[in-house]
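Analysis of the macromolecular model
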Amino acid sequence: MFQHVDAYPGDPILTLNEDFQKDPRTNKINLSIGIYFDDLGRLPVMAAVREAESAMLSSIGPKPYQPMTGAINYCEAVQHLLFGADSEALRSGRIATLQTLGGSGALKVGADFLKRYFPDSQVWVSDPTWDNHRAIFEGAGFVVNTYPYYDAERGGLNFAAMLDAIKALPRHSVVLLHACCHNPTGVDLSAAQWAELIPVLREGGLLPYLDIAYQGFGDGIVEDTHAIRALADADVPFFVANSFSKSFSLYGERVGGLSVVCPDKDQAGRVFGQLMFAVRRNYSSPPTHGGQIVARVLRTPALYKLWSDELAGMCERIQAMRRRLHDGLVQRVPGRDFSYFLTQRGMFSYTGLSAEQADVLREQHGVYVLRSGRMCVAGLNNGNVDRVAEALAAVL
């Protein structure tokens, strides 16, 4: 019956993580999967999450289905976090927001909506981008193309080429953009570059689709929403998928959101209804537990402060590891410029390794990074960073 079914080659990130689990070496180091670990190599339970969840478990009640679009208190909390409570777009009712199964679910629901109402459009993603971006939009039936982004020679952004490519796109093209902490490179647009890009998006009649999976790991919780708020202020219709997996350490709870900023309240209502229908066709309604943890933290001032302080500490630890790795490489490979480790932001960095060098790093040194050269800096700690620097120096 199923002889014609192709074998699945596996996701490059998850497959590499499985290989790590099977590796018998006791000194192996996993810098492949995008998960934040603390300085002892543990997946943290954030204090604000623990308090919120403990309060919820002290009053256990019935568990009915949620609305297709999720809980109202959760969606309102997401809107305030992304756009600001004083946002004009929010006050005028032109933002449609729903709770989704993580950031991936948000991308999928939005992709299905776009394919239905813009069937002739194509999607453009940065070169490189997170592998699942391409898979999700191709799975929705889109042709997916790339625009220039990463400058390998400088370890930075090739903004001029990116801007030229986007200027040439057909009207209603869907442009996937990373709001902050670009995955996989860690290279972001500056505020000045966003100011130059946004008029191009507006005047070209393009459909920006922002992904923000690492809010708080760049310049700060509010600062990392700069692109989102600037687009809303510029009256550009756009989509934004957000995730709380990393910022709340709630990976397995699958807590995310999709927001669509529309030209007016009437259009927002119609978009909201069709997003609801897209959810119904996919998974009917989102789960309750994780979303209510997030809503309780975001809507309780004391818990919000506790969470934001802890998230800032996580960000500071990543920055400290970047400095330690940079200094260790400068010491071991004199004359080579490793400053890109300091300018790249968020949980990831492009190391400059080739696929062959990444293989040697894994096979000979037990240090796992993706074959693209992407490293999860959040997997570094005071106990392994020097050995990673030594291993990188040996293969460069």
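Whatever comes next refers back to the structure up there.
This is a predicted model, so every value here is computed, not measured.

**Let's talk about the nonpolar core**
- Met162, Trp307 and Leu325 are the most contacted members of the largest nonpolar core, which totals 107 residues.
- Ranked by residues supplied to this core, first place goes to helix H12 (residues 301–332) with eight residues.
- Leave out the neighbours within four places in its chain, and Met162 touches Tyr147, Pro148, Tyr149, Leu157, Leu177, Leu189 and Leu197.
- Ala106, Ala241, Leu258 and Ala278 belong to the second-largest nonpolar core, a separate cluster that totals 29 residues.

**Digging into the state of the cysteines**
- Going through the model one piece at a time under the given rule, you end up with zero disulfides.
- The cysteine Cys181 is free of any disulfide, with Cys180 supplying the nearest cysteine sulfur at 4.0 Å.
- Overall, Cys181 belongs to the buried group, its relative accessible area being 1%.
- We note that Cys315 lacks a disulfide partner, and the nearest cysteine sulfur, in Cys181, lies 7.2 Å from it.
- Taking the relative accessible area as the measure of exposure, Cys315 reaches 10% and is therefore buried.

**Thoughts on unusual backbone geometry**
- The peptide bond linking Asp127 to Pro128 adopts the cis configuration, its omega dihedral lying at 5 degrees.
- Along the polypeptide, Pro128 turns up in the loop between strand E3 (123–127) and helix H6 (131–139).
- Backbone torsion omega between Asn183 and Pro184 reads 25 degrees, so that peptide bond is classified as cis.
- Here Pro184 is to be found in the loop between strand E7 (174–178) and helix H8 (191–203).
- Of note, the phi angle at His172 is positive, near 70 degrees, even though the residue is not glycine.
- Note on placement: His172 falls in the loop between helix H7 (159–167) and E7.
- Although it is not a glycine, Ser284 adopts a positive phi angle of roughly 70 degrees.
- Among the structural elements, Ser284 can be located in the loop between helix H10 (265–282) and helix H11 (289–299).
- Looking at Ser284, the relative accessible area reads 24%, which means it is partly exposed.

**A look at the pattern of salt bridges**
- A complete count under the given rule lists 17 salt bridges for this structure.
- We note a salt bridge from Asp386 to Arg324, for which the minimum N-O separation is 3.1 Å. With Asp386 in helix H15 (residues 385–395) and Arg324 in helix H12, this pair connects stretches of sequence that are 62 residues apart.
- Note on Asp386: relative accessible area 36%, which makes it partly exposed.
- Connected through shared salt-bridge partners, Asp359, Arg362, Glu363 and Arg371 make up one network.

Calculation notes
Residues numbered from 1 in each chain as written. Predicted model: local features only at pLDDT ≥ 70, side-chain atom pairs only at ≥ 80, totals over all residues. Heavy atoms only, no water. Core = buried A, V, L, I, M, F, W, Y, C linked by side-chain atoms within 4.5 Å. Buried < 20%, exposed > 50% of the residue type's maximum accessible area, 1.4 Å probe, protein only. Helix = DSSP H or I, 4+ residues; strand = E, 2+ residues; numbered from the N terminus. Contact = heavy atoms within 4.5 Å. Disulfide = S-S within 2.5 Å. Salt bridge = Lys/Arg side-chain N within 4 Å of Asp/Glu carboxyl O.

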